[in-house]
Amino acid sequence: IRLSLVGSEMCIRDSCSWGPSDNGTVLDRPGPLTLAALQSAVANGRGGRGTVIVWAAGNGQSNGDNSNYDGYANAIQTIATAAIDSTGNAAYYSEAGANLLVSAPSDGSTSALGITTTDLIGASGYNTASSGAGGDYAHDFGGTSAAAPLVAGVAALMLEKNPQLGWRDVQEIFIRSATRVRPGDSGWTFNAAGLHFHPRFGAGLVNASDAVTLASGWQTLPPQQDVSQSTAGPATIPENTAAGISISFPMAATNLRVEHVTV
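Cut-offs used in this document
Residues numbered from 1 in each chain as written. Predicted model: local features only at pLDDT ≥ 70, side-chain atom pairs only at ≥ 80, totals over all residues. Heavy atoms only, no water. Buried < 20%, exposed > 50% of the residue type's maximum accessible area, 1.4 Å probe, protein only. Helix = DSSP H or I, 4+ residues; strand = E, 2+ residues; numbered from the N terminus. Pairing = 2+ DSSP bridges. Axes fitted to C-alpha atoms, helices over the stretch in contact; angles between N-to-C directions. Parallel < 35°, antiparallel > 145°, perpendicular 65-115°, else oblique. Left-handed = near helix turned anticlockwise from the far one by under 90°. Contact = heavy atoms within 4.5 Å. Nonpolar A, V, L, I, M, F, W, Y, C, P; charged D, E, K, R; others polar.

Asker: Is there a simple way to explain the pairing of strand S5 (residues 100-105) in this structure?
Answerer: Within a regular strand, the side chains alternate between the two sheet faces. Most of S5 sits out of view: five of its six residues are buried. Judged from the five bridges that link them, strand S4 (residues 78-84) and S5 form a sheet pairing that is parallel. Looking across to S5, one finds that Ile84 is bridged to Pro105.

Asker: Looking at this model, I keep getting lost on the packing of helix H3 (residues 167-177) against helix H4 (residues 208-216). Mind explaining?
Answerer: Axis angle and axis distance: for two packed helices, these are the angle between their axes and the distance between the axes, and together they describe the pair. Here H3 crosses H4 at 130 degrees, and the two axes come no closer than 9 Å. Our classification of the angle between H3 and H4 gives oblique. Here H3 runs over H4; the crossing is right-handed. The segment H3 lies against H4, with Ile173, Arg176 and Ser177 engaging Asp210, Ala211, Leu214 and Ala215. Of the residues belonging to the contact of H3 with H4, the class tally is four nonpolar, one polar and two charged.

Asker: Looking at this model, I keep getting lost on the environment of Trp167. Mind explaining?
Answerer: Here Trp167 is to be found in helix H3. On the basis of relative accessibility, which here comes to 10%, the residue Trp167 falls in the buried class. Sequence spacing of Trp167 and Ala155 is 12 residues, and the spatial spacing of their C-alpha atoms is 9.8 Å. Those residues in contact with Trp167, other than ones at most four positions away along the chain, are Val42, Arg49, Gly50, Thr51, Ile76, Gln77, Gln224 and His260.

Okay, structure coming up:
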């Protein structure tokens, strides 16, 4: 948890870089206590405006893993963050997913730069004399664990500019201010609200300047409303068929402003 003083109040944003294995075979979700903690954080944190929770999307792309399999990064309370290397490509390890919200710089394949950061002091760190380097700074930090703290830092700048932002406000500002990298890539789509999305980049590369500018005049969103719909009877998912199965959920409520969908 990273803390910073904003005016006379304490601003809290939480950067998390842990979760289930990234081996591509694990489908896991938060247990009841962790789920209760996430729900309590966004309901009660920051005087009811909600703690901003940033989550590393995962490093298992090369193993066929997907961020959707990670119920922590896939929770609506978290900001799932992917990694982009210094060449502008999605990092080879950064997992794709419909849950990705935004991307941030990290390391990547050979020739891509790593992230420079402070290291543990002396022999406890990675950058030690035994490695031929020495010093208390590392220049090869990477993974989505390097991308997520950068997004948490931008969130802190947004909250310093506008402490009244709620956790959903922060998420939407990230979406609306992100830069669409590699715009010619066929993976980009636009939804009915005109917002762009890519399964490897989310809304795009985090843009600190635009995010803070948008935050300064942002009108806070109305309270969150939950609408649930169920369908009768079980359904069997067929094995090894590309078509899978389709189930419709007609919504009784109309004129909804949809921010999150959970199945």
